[in-house]
Amino acid sequence: MSQSTTDRPIGRVRRARSAVLAAVLTAATVPVLLGTSAAPAAAAPLPGGLGPCVPGRCPSPFPGINNGTIAGRDNAINIFVGDDFLVRGRAAEAEGRVVVLDDFDMAKDRTAGQTYNIGEVGVGSRVPPPVGADWLTTGGDITVAAGQRVLAEAGVVRHAGSVTGTVMATLRQDPDAVAPYAGLRDRLTAASRCYARVDGQPRTPTGTAVNEGGQTVFTGDGSSTLQVFNVDFDLAGPGGRQQGIVFRNIPANATVLVNVLGTDRTVNTYSGGIDDATDPLNAYRERLLWNFPDATSLGLTGTGQFQGSVLVGEQSSMTTVTLPGINGRFFTTGSLTHTSAGGGGQEFHAYPFTGDLPDCSGTTPVTGAVQVVKRDAATGDLLPGAVFRLWRESNGSDGLQTTGTNPDTQVGDACTTGADGTCARTVETGTYYWQETAAPPGYELPDPAVSRPLVLTADNAAAGVTVDAVNSRTPVPEPKGALELVKTDAKTGRPLAGAVFELWRETNGVEGLQTGGTDPDTRTGAGCATDDRGVCAYGDLPPGQYYLRETAVPEGYVLPARNVFGPYTVTEGTAADPVRVTLTNQRGEPCKDGYGKGCKH
C-alpha cells in the first residue's frame with residue numbers, strides 16, 4: 001500500500017519539510033545502480049563503484065552516529081543482498097538504499113515494535129537516500145507479517161514480485177526492478193575471492209592477527225597504504241564469548257583489508273561505540289573492509305557498534321546479524337537475517353567505504369554449466385523427480401565431504417529434475433559433485449549417491465560438463481496368494497486331523513506333478529498335518545499352479561490310490577481370500593490282520 005508522509009511522526013515530518021530536503025532527486029534522474037562517476041579517484045575500488053557516497057548531497061566528513069537533523073543525502077547502495085533479506089526478532093532499521101535480488105520477508109517478534117525502517121532511521125549517520133529515490137528494491141516478493149509495517153515513506157519501493165502486508169512508501173511494481181544490477185552479484189563474489197587469494201594461495205599479509213582471548217589484535221607493518229590481514233579463526237573469546245577488536249601500527253589513511261577465511265565463522269565483539277571520540281575502532285570505519293570469501297554460515301553478534309564495511313562472497317551463505325549496529329556498507333552475495341539476541345533495536349547505519357583495494361578488475365569469473373542427467377538404469381529413459389544438491393570442492397580433501405568441521409561448499413538450493421531429467425547450475429571454474437538426496441518415485445537411491453568429480457575449466461566452460469546418473473527401479477514385491485485345504489471324512493463330512501500333505505508348485509512346464517528326475521516341479525514349504533479343524537493352510541504363495549500330495553492319512557483311514565490333487569490356480573489377491581480345497585478320506589475295512597498289510601482297501 002502507498003501512504004503519504006502525513007502519517008509520519010511530527011519530528012520526522014518537520015525534518016522532511018526542511019530546506020535541507022528542498023531538492024527532490026528521483027530515481028529517474030539519478031543512475032539507479034552505482035553512480036561510478038561520483039567515486040573518488042582510486043586505484044581499485046569495490047566492483048561497480050560500490051562504496052563511496054553518491055550525490056545528492058554528500059557530507060564531508062560523514063557525521064558520527066546520532067539522532068540529529070538530516071546531514072546530507074547519499075544515493076549509493078548501503079545494503080546489497082544477493083538472495084533473501086529476512087527481518088526477524090526485534091531488529092529495527094536499515095539506513096540507506098537497500099537492494100535485494102530475491103525476496104524481502106519481515107516477520108518480527110510480536111512482542112517487539114512492529115515497524116522496520118528502511119532508508120531513513122531514528123539514530124544513524126543521518127545521511128539517507130534522496131527523497132523519491134529507490135529506497136528498497138527487490139527482485140522477488142515483499143512479505144510483511146500481519147500487524148507489522150515497513151516504513152520507507154519518502155522513498156520508492158520498487159519490486160518485481162508481489163507485495164503482501166503494509167509497506168508505507170511509493171510502491172512501483174517493475175518486473176525489471178533488479179535489471180540494473182545484473183552481474184553485480186558475481187562480480188562481488190569474484191572480488192571477494194580475489195581480495196583473499198592470489199592464484200589459489202592466501203594473499204600475502206602485511207601484518208599479523210592474534211586472538212589473545214579477551215581481544216584479537218591486528219598489528220600492521222606501519223608503512224603500507226594497504227594493510228592486509230588473514231584470519232582463519234573466529235573473532236570470539238574463550239567459549240565463544242565476546243572480545244575486543246584492536247588495531248595497532250596502522251598508518252594514517254591506510255586501507256585495512258581483513259580476510260576472514262573458513263566456511264563457518266563468528267564475530268562476537270563489544271568493540272565499537274556510539275561516540276567516535278571515545279572508541280578507537282571507529283576511526284578505521286570508512287577505510288576498513290571485513291571480507292568473508294568462504295563463509296556459508298556467518299554470525300555477527302555481541303554488544304558492539306561494529307565498524308567498517310562487510311563483504312560476504314559465498315552465494316550460498318546465510319549471514320545472521322544480531323549486533324546492535326553495523327556501521328558501514330554491507331554487501332552479501334547470499335542471504336541476510338537481521339534479528340536480535342536478547343534485547344532489540346538492531347540497526348544498519350549508512351557509512352561509505354572509501355578505501356583502495358587490490359586491483360581485481362581482471363577477475364571476472366569464467367563460468368559454465370555443470371549438469372547431471374538422471375536416467376533409468378535399464379531403459380535409459382529420462383527421469384523426473386530426482387532431488388540433487390551441488391557441492392564445490394573447497395576443503396582440499398579428496399571426494400565429497402558434506403559434514404564435519406570443514407565440509408565442502410554447497411552451491412545454491414536443492415534441484416529437482418524435470419521432464420528432461422536434468423539439473424544444471426552455472427558456476428565458476430572448479431571441481432563439483434552432484435549429490436542425489438531423493439530418488440524419483442518408484443526408484444531406489446544409488447549407493448553411493450554422489451557423482452564422479454566434475455571439473456569445469458576455462459577450456460570446457462563454454463560447452464559445460466555433464467554426468468549421467470542412473471537409478472534402478474525399486475523391486476516390486478511379488479504379489480502373494482494363499483491356499484487352504486480341508487480334510488473330511490468321505491461319509492460323514494467330519495473334519496479329520498492328522499492327514500499329511502506336501503505342496504508342490506508347477507515349475508517345469510510338464511503337465512502333472514513330477515517329484516523326481518532331472519527337472520521336477522518345486523516343493524513349497526514343509527509337510528503339513530491337518531489340525532483339529534481338518535485344515536492345512538498355505539500362505540505367502542507366488543501366483544501359479546499348485547499340487548497337493550497326500551503322504552499319510554489319519555488312523556483308520558486309507559490313502560487314496562491317486563494321492564496327488566490339482567492343479568489349483570493361486571492368483572494375486574488370494575492372500576486374504578485363499579483358494580479353498582476340500583479332500584476326503586475313506587475309512588479302511590477291518591480284516592484279521594487289522595489295518596496293516598494284507599487288508600482289503
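Numbering of residues starts from 1 in every chain and runs along the sequence as written. In keeping with the predicted nature of the model, local features appear solely for residues at pLDDT of at least 70, side-chain atom pairs appear and are counted solely at 80 or more, and the whole-chain, interface and lining totals rest on all residues. Side-chain numbers here rest on the full set of heavy atoms in the structure, without hydrogens or water.

Only DSSP runs of H or I with at least four residues qualify as helices, and only runs of E with at least two residues qualify as strands; both kinds are numbered from the N terminus onward. The helix and strand tally for the protein stands at 2 helices and 43 strands. Per-residue burial for the protein yields a buried fraction of 48% across its 601 residues. Taking the intrachain contacts of the protein between residues at least 6 apart in sequence as the baseline, contacts between residues at least 24 apart amount to 63%. About 26,000 Å² of surface is accessible on the protein, with carbon and sulfur atoms providing 50% of the total. The buried label goes to any residue with under 20% of its type's maximum accessible area, the exposed label to any with over 50%, and the partly exposed label to all in between, with areas taken from a 1.4 Å probe on protein chains only. Contact criterion: two residues are considered in contact whenever any of their non-hydrogen atoms come within 4.5 Å of each other. Residue-level accessible areas treat just the shown protein chains as cover; the underlying method is Shrake-Rupley with a 1.4 Å probe.

So, about the side chain of Glu-93. Tracing the sequence through the fold places Glu-93 in strand E3 (residues 93–95). On the basis of relative accessibility, which here comes to 8%, the residue Glu-93 falls in the buried class. For the purposes of these results, a polar contact is taken to be a pair of N or O atoms within 3.5 Å, where, inside protein, one atom must be able to donate a hydrogen and its partner to accept one; residues adjacent in sequence count only when each atom of the pair is a side-chain atom. Here Gly-122 takes part through its backbone nitrogen, which lies 2.9 Å from a polar atom of the side chain of Glu-93. Discounting chain neighbours no more than four positions away, the residues touching Glu-93 are Tyr-116, Asn-117, Val-121, Gly-122, Val-123, His-338, Gln-346, Glu-347 and Phe-348.

Here the focus is the environment of Ile-70. Positionally, Ile-70 belongs in the loop between helix H1 (10–16) and strand E1 (77–81). Residues Ile-70 and Glu-120 lie 50 residues apart in sequence; the distance between their C-alpha atoms is 9.1 Å.

With that settled, consider the state of the cysteines. Cysteine sulfurs are considered disulfide-paired once they come within 2.5 Å of each other. With the rule as written, the count across this model stands at 4 disulfides. One disulfide bridge connects Cys-194 with Cys-360, the sulfur atoms lying 1.9 Å from each other. Where Cys-194 bonds to Cys-360 through sulfur, the torsion about that S-S bond is close to -85 degrees, and the disulfide is left-handed. Linking Cys-194 in helix H2 (residues 184–196) with Cys-360 in the loop between strand E28 (347–349) and strand E29 (367–376), this pair joins segments that are 166 residues apart in sequence. Side by side, Cys-194 and Cys-360 carry an identical accessibility label, which is buried.

This brings us to the confidence of the model for the protein. The pLDDT value tells you how sure the predictor is about a given residue, anywhere from 0 up to 100. Looking at the protein, the pLDDT average stands at 88 and 90% of residues meet or exceed 70. Confidence over residues 1–42 falls short of pLDDT 50; this stretch has 77 contacts with residues more than four positions distant or in other chains. A low-confidence stretch, residues 590–598 stays under pLDDT 50, and its non-local contacts, those more than four residues away or across chains, total 7 contacts.

Moving on, we get to the sheet that holds strand E37 (residues 500–505). Overall, antiparallel pairing links the 4 strands, which are arranged E38-E37-E40-E42 in an open sheet. The sheet is open, and its two borders are formed by strand E38 (522–529) and strand E42 (564–570), each paired with just one other strand. In this sheet, adjacent strand axes meet at a mean angle of 25 degrees when their direction is disregarded. Two elements, strand E40 (residues 544–552) and E42, share 5 bridges in a ladder whose sense is antiparallel. At least two DSSP bridges between two strands are needed for those strands to be called paired. Angular values range over 0 to 180 degrees, each being the angle between N-to-C directions of two axes fitted as lines to C-alpha atoms, with helices fitted over their stretch in contact.

The next subject is the packing of aromatic side chains. Geometry of aromatic contacts follows a simple scheme: Phe, Tyr and Trp rings, the Trp one being its six-membered ring, pair when their centres are within 6.5 Å, and the pair is stacked under 30 degrees between planes, edge-to-face over 60, tilted otherwise. Taken as a whole and assessed by the stated rule, the structure comprises 13 aromatic pairs. Where Phe-85 meets Tyr-116, the ring centres are 6.4 Å apart and the plane angle is 85 degrees; that geometry is what we call edge-to-face. A residue pair is termed long-range when its members are at least 10 positions apart, and Phe-85 in strand E2 (residues 85–87) and Tyr-116 in strand E6 (residues 115–119) qualify at 31 residues. The buried category is assigned to Tyr-116, whose relative accessible area is 0%. With a centroid separation of 5.1 Å and an interplanar angle of 45 degrees, the aromatic rings of Phe-247 and Tyr-284 are classed as tilted. One end of the pair, Phe-247, is in strand E17 (residues 244–248); the other, Tyr-284, is in the loop between strand E19 (264–269) and strand E20 (288–292), and 37 residues separate them in sequence. When its relative accessible area of 9% is taken as the criterion, Phe-247 is described as buried. An aromatic cluster of at least three residues, connected via ring pairs, comprises Phe-218, Phe-229, Phe-247, Tyr-284, Trp-290 and Phe-306.

Let us look at the pattern of salt bridges. We define a salt bridge as a side-chain nitrogen of Lys or Arg found within 4 Å of a carboxyl oxygen belonging to Asp or Glu. Summed over all chains, the structure comprises 20 salt bridges. Between Arg-193 and Glu-314 there is a salt bridge, and its shortest N-O distance comes to 3.8 Å. In this pair, Arg-193 sits in helix H2 while Glu-314 sits in the loop between strand E23 (309–312) and strand E24 (318–321), placing the two residues 121 residues apart along the sequence. For Arg-193, a relative accessible area of 22% gives the class partly exposed. Of the charged contacts in the structure, one is a salt bridge between Glu-550 and Lys-487, with a shortest N-O distance of 3.2 Å.

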